[in-house]
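Each chain, written out:
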Amino acid sequence: MVIILIIVLCAIVATAAFFIIKNILLPTKADVLPKLYKQGKTQHLIKSAKQIISKDSKNYLAHYYLGKAYILENKSELAIIEYKFVDEHALFGAELNEINFRKEFSSLLLKYKHQNEALKNFLLLTKLEPRNAENYFNVGLIYENNNRFDLALGFMQKAAYLDNKHAKAHAEIGMMFYRTKQYSEAKKEIDIAIKLSPETY
């Protein structure tokens, strides 16, 4: 009888210990994830983020840091999946800055030829950061790659207006004028681009 009682008590203690370790010692909140990311502990970060997601599948911060870890591991296609989840479920604010997220996400999408989704994010960035020339330049570049020169030209000109030293924007404007046989305008823009960036002559 005593042995059975001891076995039962041991089982209860073991079960309690298991839940204490699982719920207290193992990470259950996303607070730990930024620290792991800054420390470059990629494998630990992936494991911790997945543990949080297993308990709370809609924890967008865990998905975000899992995506960042995948980028560090050169698993960018997996990162895109995580970032798409964040895009659909995140409540942007102090914990996750929308501008920073959209810059990361749009660059990632562009790198892997997800042009339409990248365009959507860069267009959002033109609303979030209306004075940032780079956002307009990227929108223009995507439209240009899709042969929408009418739209591309407007965004490139906006980029050059916001940053008159944006050599690449002037170069792209020059090339679009050249394609439409507006040679004097093309020469003017290309001359500006060369003056701003002689090494890219």
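What you see is a predicted model, and the numbers here were worked out from it, not measured in a lab.

Q: Could you clarify how one ought to interpret the packing of helix α2 (residues 32-39) against helix α3 (residues 42-55) in this entry?
A: Any two packed helices are characterised by the angle at which their axes cross and by the distance between the axes. Taken N-terminus to C-terminus, the directions of α2 and α3 make an angle of 165°; their axes are 9 Å apart at the nearest point. Between α2 and α3, the interaxial angle falls into the category roughly antiparallel. With respect to the hand of their crossing, α2 and α3 are arranged in left-handed fashion. Here Leu33, Leu36 and Tyr37 of α2 lie close against α3, whose contacting residues are His44, Leu45, Ser48, Ala49 and Ile52. For the contact of α2 with α3, a count of residues per class yields 6 nonpolar, 2 polar and no charged.

Q: Where do I start with the packing of α2 against helix α4 (residues 60-72) in this structure?
A: At a closest axis distance of 10 Å, the pairing of α2 and α4 adopts a crossing angle of 10°. By the angle between their directions, the pair α2 and α4 is classed as roughly parallel. Residues Leu33, Pro34 and Tyr37 of α2 form the contact with α4, whose participating residues are Leu61, Ala62, Tyr65, Lys68 and Leu72. A per-class count over the contact of α2 with α4 returns 7 nonpolar, no polar and 1 charged.

Q: Explanation requested: the layout of surface pockets in the structure shown.
A: If you add up the space inside the largest pocket, you get close to 160 Å³. If you trace the largest pocket, you find it lined by Ala167, Lys168, Ala171, Met175, Ile190, Ala193, Ile194, Ser197, Thr200 and Tyr201. Broken down by secondary-structure element, the contributors of at least two residues to the lining of the largest pocket are α10 (167-179) and α11 (183-196). Here the residues of the lining of the largest pocket sort into 7 nonpolar, 2 polar and 1 charged.

Q: How should I be thinking about the environment of Glu185 in this particular structure?
A: By the element assignment, Glu185 lies in helix α11. Sequence spacing of Glu185 and Gly174 is 11 residues, and the spatial spacing of their C-alpha atoms is 6.9 Å. A polar contact of 3.0 Å, which involves the side chain of Glu185, links it to the side chain of Ser184.

Q: Is there a simple way to explain the nonpolar core in this structure?
A: For soluble globular proteins, nonpolar side chains are generally found buried alongside one another. Core analysis: the biggest nonpolar cluster contains 47 residues, and Leu33, Tyr64, Leu96 and Phe101 have the highest contact counts within it. Element by element, the count of residues in this core is highest for α4, at 8 residues.

Q: I'm lost on the side chain of Asn135 in this one. Help?
A: Note that Asn135 resides in helix α8 (residues 133-145). Judged by its relative accessible area of 3%, Asn135 is buried. Those residues in contact with Asn135 that sit more than four places away from it in its chain are Phe122, Leu125, Thr126 and Glu129.

Q: What is the right way to look at unusual backbone geometry in this model?
A: The phi torsion of most residues other than glycine is negative, and most of the peptide bonds are trans. We note that Asn74 has phi near 60°; this positive angle belongs to a residue other than glycine. By the element assignment, Asn74 lies in the loop between α4 and α5 (76-89). We classify Asn74 as exposed; its relative accessible area is 69%. Residues other than glycine seldom take positive phi values, yet Lys181 does so here, at roughly 60°. Mapping Lys181 onto the fold places it in the loop between α10 and α11.

Q: What exactly am I supposed to notice about the confidence of the model for the chain here?
A: With 86% of its residues at a pLDDT of 70 or more, the chain shows a mean pLDDT of 88. Predicted confidence in the chain is weakest over helix α1 (residues 2-25), with a mean pLDDT of 52, and strongest over α8, with 97. Note on residues 16-28: pLDDT is under 50 here. Beyond four places in sequence and across chains, it has 14 contacts.

Quick notes on the rules
Residues numbered from 1 in each chain as written. Predicted model: local features only at pLDDT ≥ 70, side-chain atom pairs only at ≥ 80, totals over all residues. Heavy atoms only, no water. Axes fitted to C-alpha atoms, helices over the stretch in contact; angles between N-to-C directions. Helix = DSSP H or I, 4+ residues; strand = E, 2+ residues; numbered from the N terminus. Parallel < 35°, antiparallel > 145°, perpendicular 65-115°, else oblique. Left-handed = near helix turned anticlockwise from the far one by under 90°. Contact = heavy atoms within 4.5 Å. Nonpolar A, V, L, I, M, F, W, Y, C, P; charged D, E, K, R; others polar. 1 Å grid on protein atoms, 1.4 Å probe; cavity = no way out; pocket = protein on both sides within 12 Å on 5 of 7 lines; lining within 4 Å. Points joined across faces, edges and corners; volume = space filled by probe spheres on them. Polar contact = N/O pair within 3.5 Å; in protein donor to acceptor, adjacent residues only side chain to side chain. Core = buried A, V, L, I, M, F, W, Y, C linked by side-chain atoms within 4.5 Å. Buried < 20%, exposed > 50% of the residue type's maximum accessible area, 1.4 Å probe, protein only. pLDDT = per-residue confidence, 0-100.

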